[in-house]
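# Fold and contact review
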2 protein chains.
Amino acid sequence: MIDIKDLYQNIAVYMEKQVTLQGWIRNQRKQKDFGFIDFSDGTYFKHIQLIYDKDTKDFDKIDKLRIGSAITVTGKIQKSVGAGQEFELVIDDVLLEGDCPEDYPLQPKRHTREFLREIAYLRPRTNLFQAVFRIRSVAAHAIHTYFQEHNYVYVHTPLITTTDCEGSEQMFKITSLNMNHIPTFDGHIDTSKDLFGKQAYITGSGQLHGETFAMAFKRIYTFGPTFRTENSNTKTHANEFWMIEPEIAFCNLEGLMDIEEEMLKYVVNYVLDKCSNEITFFDQFVEKGLKDKLTKLVNSEFMRISHHDVIDILKKANVQFEFTPNYDEDIAKEHEKYITEYFNGPVFITNWPKDIKAWYMKTNKDGKTVAAVDLEVPGAGELMGGSQREDDYQKLINRAKEMNVDINAVDWFCNLRKYGGCYHAGFGMGFERLIIYLTGVENIRDVIPYPRTPKNCDF
Amino acid sequence: MIDIKDLYQNIAVYMEKQVTLQGWIRNQRKQKDFGFIDFSDGTYFKHIQLIYDKDTKDFDKIDKLRIGSAITVTGKIQKSVGAGQEFELVIDDVLLEGDCPEDYPLQPKRHTREFLREIAYLRPRTNLFQAVFRIRSVAAHAIHTYFQEHNYVYVHTPLITTTDCEGSEQMFKITSLNMNHIPTFDGHIDTSKDLFGKQAYITGSGQLHGETFAMAFKRIYTFGPTFRTENSNTKTHANEFWMIEPEIAFCNLEGLMDIEEEMLKYVVNYVLDKCSNEITFFDQFVEKGLKDKLTKLVNSEFMRISHHDVIDILKKANVQFEFTPNYDEDIAKEHEKYITEYFNGPVFITNWPKDIKAWYMKTNKDGKTVAAVDLEVPGAGELMGGSQREDDYQKLINRAKEMNVDINAVDWFCNLRKYGGCYHAGFGMGFERLIIYLTGVENIRDVIPYPRTPKNCDF
């Protein structure tokens with residue numbers, strides 16, 4: 001029993017030999033006296049062609065095998081006579097493992113992505129989703145491997161939390177109580193009756209907890225699911241998504257950008273190397289020029305420029321923007337696009353106006369900006385967001401108060417600055433954003449196995 | 001700037017050279033004219049000793065550095081004069097990065113684990129938790145590496161779900177509604193007003209979703225957090241924990257045991273290789289004989305025996321069990337212990353009475369047992385649980401009805417049996433259970449960064 005992957009990787013070993021494969025019939029082209037079966041076992045992007053004719057044992061049975069069926073097939077590997085493939089399998093014997101009806105929803109024709117979302121449990125069998133989800137898996141491993149090889153500790157920060165770090169109105173509440181009989185006290189929910197004795201949430205970020213481990217292990221990263229209640233139906237928003245959040249002690253903003261750049265190039269290289277068939281497929285059928293885009297990124301030096309200087313460039317641009325660029329404000333998608341095209345490559349934008357960024361970011365000496373950095377990449381906009389963290393206890397507390405953060409809930413986080421704190425920095429990368437960038441597949445619903453979006457939590 | 005890890009791994013390169021390190025003071029032993037600083041940067045289990053004397057620049061400043069402080073230190077690496085370490089650093093210069101007060105909770109003395117749980121954000125700085133959480137990180141990477149090298153696809157199954165697979169009374173409900181103003185309809189919660197338009201949960205297993213991907217990629221695994229509302233205060237229960245759930249198409253129970261055994265040996269070997277200092281520490285201070293236990297596991301062949309034959313052995317045992325062994329029932333912890341001692345090694349127990357196992361497991365020909373397997377290991381009890389899955393559509397539906405599963409909610413899962421289904425199998429491994437086994441640290445609260453248990457959701 002071998003995999004199709006073994007065949008493609010060691011064809012010399014198997015040529016002219018008999019092998020047994022197990023997998024699924026993706027297509028069946030029957031002629032009167034012979035036929036071709038397009039066969040996939042999910043271990044490799046490419047399929048293999050099975051051929052049979054009137055002389056094949058059980059011709060009548062093989063001839064009737066339906067698309068979607070699971071089979072065990074034995075036969076000899078030979079050089080392909082026809083065009084389109086290097087080798088093929090001449091069937092000696094077939095065992096039907098699992099039949100598939102004529103009305104199987106996944107017929108070998110073009111389906112819309114909207115339709116495929118409705119059969120999310122079957123869509124990984126299509127070429128498109130075979131490619132997307134294998135790249136997702138390989139990219140995840142690339143990320144782990146990069147950080148482990150660079151001596152980071154992988155930390156499983158908690159999903160359930162009572163720390164309201166990004167604003168609880170954006171977090172799902174969880175409860176073990178009966179929703180039809182919520183116990184109340186003085187007209188309010190009596191959370192003391194709940195499992196944790198207080199209101200708990202599922203988290204939108206592991207950063208605060210991650211920092212506590214960075215102060216012990218120097219370099220850490222998280223990689224796990226995060227949640228937002230945002231009621232937003234766009235191509236880039238989902239209510240459940242995966243994030244990578246590295247945090248590094250003794251690291252400033254420049255050092256952080258070095259790490260972000262090195263990590264991203266490592267991951268892109270890794271995927272180009274391990275998923276060349278998938279990348280070629282996306283380049284041909286999804287985003288023309290994808291391979292060039294990725295290859296160029298790996299070989300480019302990322303630009304570094306301040307938010308202030310970006311606004312300068314935007315103001316001087318001979319373009320009628322929908323939103324006027326402003327030194328005190330965030331930049332819009334149209335601005336991101338202009339800037340990455342202006343520099344013709346990835347751009348780190350640093351030192352943002354403090355009032356549009358999070359409370360824990362380090363205030364620069366100007367008192368107006370924070371040591372934050374967003375990485376903008378051509379075609380995908382913001383891919384990572386990070387900052388040096390405020391490491392002065394009093395400044396952090398003051399900033400928390402200014403921004404209405406509940407200090408009592410994050411006293412432990414603030415205490416890190418009292419107990420051997422140091423300058424440190426970290427960033428977050430939305431994993432789906434990376435997959436969108438790597439594949440050219442634009443809708444977040446098509447890069448998550450089972451996407452959760454408003455009014456949509458099927459399967 | 002280098003890491004302590006670099007020193008230990010390439011001491012020949014750095015001997016007699018000046019280096020700069022950044023990290024934290026773990027202890028400070030001062031004499032009148034000289035002193036020793038125990039220094040750690042979190043990159044390696046072993047610390048390094050910094051030495052200084054009256055001739056050192058800023059002696060008076062260095063002498064006053066407090067435990068817990070973050071420093072940047074430059075000095076020359078030399079062979080150690082004293083016992084206890086091979087080399088040490090003679091301080092040339094120190095920069096205080098972050099001070100630490102005298103009342104720092106983590107003084108260099110023995111603290112109880114209970115106390116350390118109360119300062120969970122500081123405990124990773126102790127030797128014990130440095131070792132636990134590095135092993136946790138390395139073991140996680142070992143698992144990813146094993147599966148990726150064996151051509152499994154890593155699948156991020158959804159955390160938010162409306163599928164009630166293990167029984168919703170065990171699942172946390174989630175909501176974006178205001179808990180103080182739950183909208184009602186006919187006296188019941190009006191879930192149509194909630195973000196997903198229905199009651200959603202956070203999941204206790206990714207298995208059902210995992211199977212849909214196994215039917216496309218042949219071999220898949222999940223590795224993510226899972227949740228249970230269990231109101232149970234034991235050493236082995238937490239309400240949030242991490243699980244690994246591989247699922248393999250064209251795999252029967254024997255094949256599944258082969259995979260479980262190979263995977264576990266791989267992970268144990270990997271940790272023994274990469275974390276030898278940590279394992280030695282646990283062997284000395286936490287579980288005497290740990291290293292032997294792990295080495296023996298790697299070299300043993302796991303026993304395979306049916307539940308029926310296990311009960312036979314238990315019945316014949318000359319032991320007064322608290323619970324009488326019974327052919328129709330689960331086995332108790334005392335039985336697990338007896339059996340692993342009886343065979344003096346890991347034991348796969350197969351073919352369990354169907355009524356004590358899950359609805360989706362394959363019923364054996366006897367009609368009474370299912371093709372399930374639990375792996376019992378000496379000293380830790382059940383480490384993995386798996387089964388061949390029922391692949392007959394009608395049998396699965398019948399079993400679901402018998403066990404009161406809501407078939408409408410899992411129709412997509414059942415349909416896998418209609419659309420090219422095949423014999424397949426999978427297992428689940430609780431990641432914390434593995435870490436307990438690898439470290440000898442007995443309480444699940446001490447192997448999770450921020451444990452969540454009833455009435456306990458701090459930080």
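## Considerations on the overall build of chain A
The helix and strand tally for chain A stands at 14 helices and 18 strands. The principal-axis extents of the C-alpha atoms in chain A amount to approximately 85 × 60 × 45 Å. Across chain A, the fraction of contacts at a sequence separation of at least 24, relative to all contacts at a separation of at least 6, is 67%. One finds the centroid of the 55 positive side-chain charges in chain A at a distance of 1 Å from the centroid of its 68 negative side-chain charges.

## What about the pairing of strand E12 (residues 219-227) of chain B?
All names here are of chain B. Counting buried residues in E12 gives nine out of nine residues, a clear majority hidden from the surface. Judged from the two bridges that link them, strand E6 (residues 153-154) and E12 form a sheet pairing that is parallel. Looking at E12, one finds that Tyr 154 is bridged to Tyr 221. Pairing geometry for E12 and strand E13 (residues 240-249), over nine bridges, is antiparallel. Paired with Thr 222 across the strands is Glu 245, a residue of E13.

## Notes on the packing of aromatic side chains
In the structure shown here, the tally under the stated rule is 68 aromatic pairs over all chains. Ring geometry for Tyr338(B) and Tyr342(B): centres 6.0 Å apart, planes at 35°, overall tilted. Here Tyr338(B) pairs with Tyr342(B), and both are found in helix H11 (residues 333-343), just four residues apart, close to one helical turn. For Tyr342(B), a relative accessible area of 47% corresponds to the partly exposed category. In this structure, Arg417(A) packs its charged tip against the face of Phe413(A), placed 4.4 Å from the ring centre.

## What about the pairing of strand E15 (residues 347-353) of chain A?
All names here are of chain A. Within E15, six of the seven residues are buried, leaving the element largely enclosed by the surrounding structure. Two strands pair when backbone bridges link them, and strand E14 (residues 303-306) and E15 are joined in this way by four bridges, in the parallel orientation. Each bridged residue has a counterpart across the sheet, and for Ile 305 the counterpart in E15 is Ile 349. As judged from the six bridges shared by E15 and strand E16 (residues 369-377), these two strands associate in the antiparallel manner. Residue Ile 349 lies in a different strand from E16, and its bridge partner there is Asp 374.

## Brief notes about the pattern of salt bridges
All names here are of chain A. Applying the stated rule across the entire model yields 60 salt bridges over all chains. A salt bridge links Asp 355 to Arg 399; the shortest N-O distance between them is 3.0 Å. Of the two residues, Asp 355 is situated in the loop between E15 and E16 and Arg 399 in helix H12 (residues 393-402); the sequence distance between them amounts to 44 residues. Judged by relative accessible area, which is 61%, Asp 355 ranks as exposed.

## Description of the relation of the copies chain B and chain A
Laying chain B over chain A is done by rotating through 180° and shifting 0.0 Å along the axis; what remains is an RMSD of 0.0 Å. Taken together, the turn and the small shift mark the pair as related by a two-fold rotation axis. Minimal C-alpha distance to the rotation axis in chain B is attained by Ile174(B), lying at 2.2 Å. When you check the interface residues of chain B against chain A, 100% turn up at the interface there too, and the contact is symmetric in its surfaces.

## Let's talk about the interface of chain B and chain A
With 111 residues of chain B in contact, the opposing surface of chain A contributes 111 residues. Here chain B and chain A share an interface that buries about 9200 Å² over both sides, 61% of which is from carbon and sulfur atoms. By the criterion of area lost to chain A, the three top residues of chain B are His156(B), Met179(B) and Tyr419(B), representing 9% of everything that side buries. Where chain B meets chain A, there are eight salt bridges. In terms of residue count, the dominant contributor to the side of chain B that touches chain A is helix H5 (residues 127-149) of chain B (12 residues). Classifying every residue of the side of chain B that touches chain A by side-chain character gives 53 nonpolar, 38 polar and 20 charged. Across three bridges, the pairing between strand E8 (residues 172-175) of chain A and strand E8 (residues 172-175) of chain B is antiparallel. What sits directly across from Lys173(A), in E8(B), is Thr175(B).

## Some thoughts on a negative patch on the surface
Residue and element names in this part refer to chain A. A grouping of Asp 328, Glu 329, Asp 330 and Glu 382 is seen on the molecular surface, where their side chains present a negatively charged patch. Along the chain, the position of Asp 328 falls in the loop between helix H10 (307-316) and helix H11 (333-343). When its relative accessible area of 57% is taken as the criterion, Asp 328 is described as exposed.

## A closer look at unusual backbone geometry
Residue and element names in this part refer to chain B. A positive phi is found at Glu 16, a non-glycine position, where the angle reads about 70°. As for its position among the elements, Glu 16 is in the loop between helix H2 (11-14) and strand E1 (18-30). The phi torsion at Asn 344 lies on the positive side, around 55°, for a residue other than glycine. For Asn 344, the location among the structural elements is in the loop between H11 and strand E15 (347-353).

## Let's talk about the sheet that holds strand E14 (residues 303-306) of chain B
Residue and element names in this part refer to chain B. Reading across the sheet, the eight strands line up as E6-E12-E13-E18-E17-E16-E15-E14 and stay open at both edges, with mixed pairing between neighbours. With one partner strand each, in any of the chains shown, E6 and E14 form the two edges of the open sheet. Relative to strand E17 (residues 381-388), strand E16 (residues 369-377) is paired through six bridges, and the arrangement is antiparallel. By the bridge assignment for E17, Glu 376 is matched with Glu 382.

## So, the sheet that holds strand E5 (residues 87-98) of chain A
Across a sheet, strands are paired by hydrogen bonds formed along the backbone, either parallel or antiparallel in direction. Residue and element names in this part refer to chain A. An order of E1-E2-E3-E5-E4 is seen for the five strands of this closed barrel, with the pairing classed as mixed. Pairwise comparison of adjacent strand axes, ignoring direction, gives a mean angle of 55° for this sheet. Bridge count for strand E1 (residues 18-30) against strand E4 (residues 70-79) is seven bridges, and the pairing is antiparallel. Along E4, the bridge assignment pairs Leu 21 with Val 73.

## Describing the packing of helix H8 (residues 276-285) of chain A against helix H9 (residues 290-299) of chain A
When two helices pack together, their arrangement is given by the angle between their axes and by how far apart the axes lie. Residue and element names in this part refer to chain A. Closest axis-to-axis distance for the H8/H9 pair is 7 Å, and the angle between their directions is 125°. In this view, H8 runs oblique relative to H9, as classed from their interaxial angle. Two secondary-structure elements touch here, H8 through Ile 279, Thr 280, Phe 282 and Asp 283 and H9 through Leu 290, Lys 291 and Leu 294. Here the residues of the contact of H8 with H9 are counted per class, giving four nonpolar, one polar and two charged.

## What about the environment of Lys57(A)?
All names here are of chain A. Relative to the helices and strands, Lys 57 resides in the loop between strand E3 (48-53) and helix H3 (59-63). Taking the C-alpha atoms as reference, Lys 57 lies 6.7 Å from Asp 92; in sequence the two are 35 residues apart. Excluding residues that lie within four positions of it along the chain, Lys 57 makes contacts with Ile 62, Asp 92 and Asp 93.

## Notes on the packing of helix H7 (residues 253-274) of chain A against H9(A)
Residues and elements named next belong to chain A. Remark: H7 packs on H9, axes separated minimally by 9 Å, with the N-to-C direction vectors making an angle of 140°. Judged on the interaxial angle alone, H9 and H7 are oblique. The handedness of the crossing between H7 and H9 comes out as left-handed. On H9, the residues that touch Leu 264, Lys 265, Val 268, Asn 269 and Leu 272 of H7 are Lys 291, Leu 294, Thr 295, Leu 297 and Val 298. Of the residues assigned to the contact of H7 with H9, the class counts are six nonpolar, two polar and two charged.

## What about H11(A)?
At 3.6 residues per turn, the α-helix brings residues three or four places apart onto the same side. Residues and elements named next belong to chain A. Along H11, the positions that sit buried rather than exposed are His 335, Glu 336, Ile 339 and Thr 340. The buried residues of H11 occupy an angular sector of 125° when projected down its axis, which confines them to one face. Turned more than 90 degrees away from the buried face of H11, the exposed residues are Lys 333, Lys 337 and Glu 341. Tucked inside the fold, the buried residues of H11 contact H10, E15, E16 and strand E17 (381-388). Phi turns positive, to about 55°, at Asn 344, one or two residues after H11.

## Considerations on H9(A)
All names here are of chain A. Within the sequence span of H9, burial applies to Leu 290, Lys 293, Leu 294, Leu 297 and Val 298. The buried residues of H9 occupy an angular sector of 130° when projected down its axis, which confines them to one face. Summarising the geometry of H9, the exposed residues directed more than 90 degrees from the buried face are Asp 292 and Asn 299. Here the buried face of H9 lies against H7, H8, E16 and helix H14 (431-439).

How each quantity is defined
- Residues numbered from 1 in each chain as written.
- Chains lettered and ligands numbered in written order.
- Predicted model: local features only at pLDDT ≥ 70, side-chain atom pairs only at ≥ 80, totals over all residues.
- Heavy atoms only, no water.
- Helix = DSSP H or I, 4+ residues; strand = E, 2+ residues; numbered from the N terminus.
- Contact = heavy atoms within 4.5 Å.
- Lys, Arg positive; Asp, Glu negative; His and termini not counted.
- Charge placed at Lys NZ, Arg CZ, Asp CG, Glu CD.
- Buried < 20%, exposed > 50% of the residue type's maximum accessible area, 1.4 Å probe, protein only.
- Pairing = 2+ DSSP bridges.
- Phe/Tyr/Trp six-rings, centres within 6.5 Å; stacked < 30°, edge-to-face > 60°.
- Lys NZ or Arg CZ within 6 Å of the ring centre and 35° of its normal.
- Salt bridge = Lys/Arg side-chain N within 4 Å of Asp/Glu carboxyl O.
- Least-squares fit on C-alpha atoms with pLDDT ≥ 70 in both.
- Buried area = accessible area lost by both parts, 1.4 Å probe.
- Nonpolar A, V, L, I, M, F, W, Y, C, P; charged D, E, K, R; others polar.
- Patch = residues over 30% accessible without salt bridge, like charges linked within 9 Å, V, L, I, M, F, W, Y side chains within 5 Å.
- Areas by Shrake-Rupley, 256 points an atom, 1.4 Å probe, with all protein chains shown as cover.
- Axes fitted to C-alpha atoms, helices over the stretch in contact; angles between N-to-C directions.
- Parallel < 35°, antiparallel > 145°, perpendicular 65-115°, else oblique.
- Left-handed = near helix turned anticlockwise from the far one by under 90°.
- Arc of directions from axis to C-beta.

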